[in-house]
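A closer look at the structure
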Amino acid sequence: MSIYKETIELLKLSGTASELYRFQGAKSYGHFNIRTSKFNTDERDSYVYFSSGMDHHKYFTMKRIRQMINKMILDGTPYEISSRDLRDFEDYKRIRDIVINSDKLEDLYSVKLITDHNFTGLIKDNAFFQQDKATGKPIEKVDRRVYGGGYGVATDWKDLLSALTLFNGYQKIDRNAIIELLAYMRRTGKVNQKENMNFLLMNSANYNYELNPSVESTFTKYKIMEALEKILEEGTYNPEGELGKHPTETIKRVVEDYEANKSKVLRILDNHAKM
């Protein structure tokens, strides 16, 4: 196990880090840099969505891949990713051959963000459902009835997420993985079953991890403070949450906890480098 993975496991065991997940590919590829945890500044006002847990990530990733195959590869053919077409062996072979020979499914990734645990608390406390959304660009809660759902972040909440991310994990979903997914769908007979993705997404060894460059910056704590202060100024928070009721104390706690986490990470990495 790499030192990054060991450090992440220690953070998770101590309860000081949480995970968010994202499927990224095709049109969404440029919204978020998977290696630096930075968002495209030209699209700062646009929402970028993350799953709150692995179950929703499996469900959403499988759903999007199926949609992309149907719309980008199988459109205009007699086939689609359905239980009926996958059940028929000849149809299944033709679908598989079409996918194997296509170059349209490129740059597909499963992204995992290891964040300071305070970010999870803040998004849960300050998220709005789309129909109830406050003014500006608050956190958006989506898919509330599906495996815990996910969250959309924009503007200042994007800045806060970038600052509070400790590690970025990612794995490419290549053509071989998609062929294996089709095989699982055929085997189970259920194209919408999230467990079809277990072979790929449940194995943390499949992910490559990078240290977020912000961890090594002495200015990150000021970026955290600035993002939270702007959130308060813009009113993109829940007045009944901790940030709304106790803004000064909450900002102080978030910054202090992040600094402690950051020091722990750098100490572990420094000790490992001296071995």
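Residues numbered from 1 in each chain as written. Predicted model: local features only at pLDDT ≥ 70, side-chain atom pairs only at ≥ 80, totals over all residues. Heavy atoms only, no water.

What follows is about helix H6 (residues 155–164). What sets the pattern is the α-helix's 3.6 residues per turn: residues three or four places apart point alike. The buried fraction of H6 amounts to nine of the 10 residues, a majority that puts the element mostly inside the structure. Of the positions making up H6, those classed as buried are Thr155, Asp156, Trp157, Lys158, Leu160, Leu161, Ser162, Ala163 and Leu164. (Buried < 20%, exposed > 50% of the residue type's maximum accessible area, 1.4 Å probe, protein only. Helix = DSSP H or I, 4+ residues; strand = E, 2+ residues; numbered from the N terminus.)

With that settled, consider the layout of surface pockets. Here the largest pocket is characterised by a volume of approximately 400 Å³. Elements supplying a minimum of two residues to the lining of the largest pocket: strand S1 (17–24), strand S4 (48–51), helix H2 (54–73) and strand S8 (150–153). With five residues, the top contributor of residues to the lining of the largest pocket is H2. Residues of the lining of the largest pocket, tallied by class, amount to nine nonpolar, six polar and four charged. In this structure, the second largest pocket spans a volume of roughly 350 Å³. Lining the second largest pocket are 19 residues, and of these Lys38, Lys158, Asp159, Ser162 and Lys223 lie nearest its centre. Every element with two or more residues in the lining of the second largest pocket is listed here: strand S3 (38–39), H6 and helix H9 (220–234). Looking at the lining of the second largest pocket residue by residue, the class counts come to three nonpolar, nine polar and seven charged. (1 Å grid on protein atoms, 1.4 Å probe; cavity = no way out; pocket = protein on both sides within 12 Å on 5 of 7 lines; lining within 4 Å. Points joined across faces, edges and corners; volume = space filled by probe spheres on them. Nonpolar A, V, L, I, M, F, W, Y, C, P; charged D, E, K, R; others polar.)

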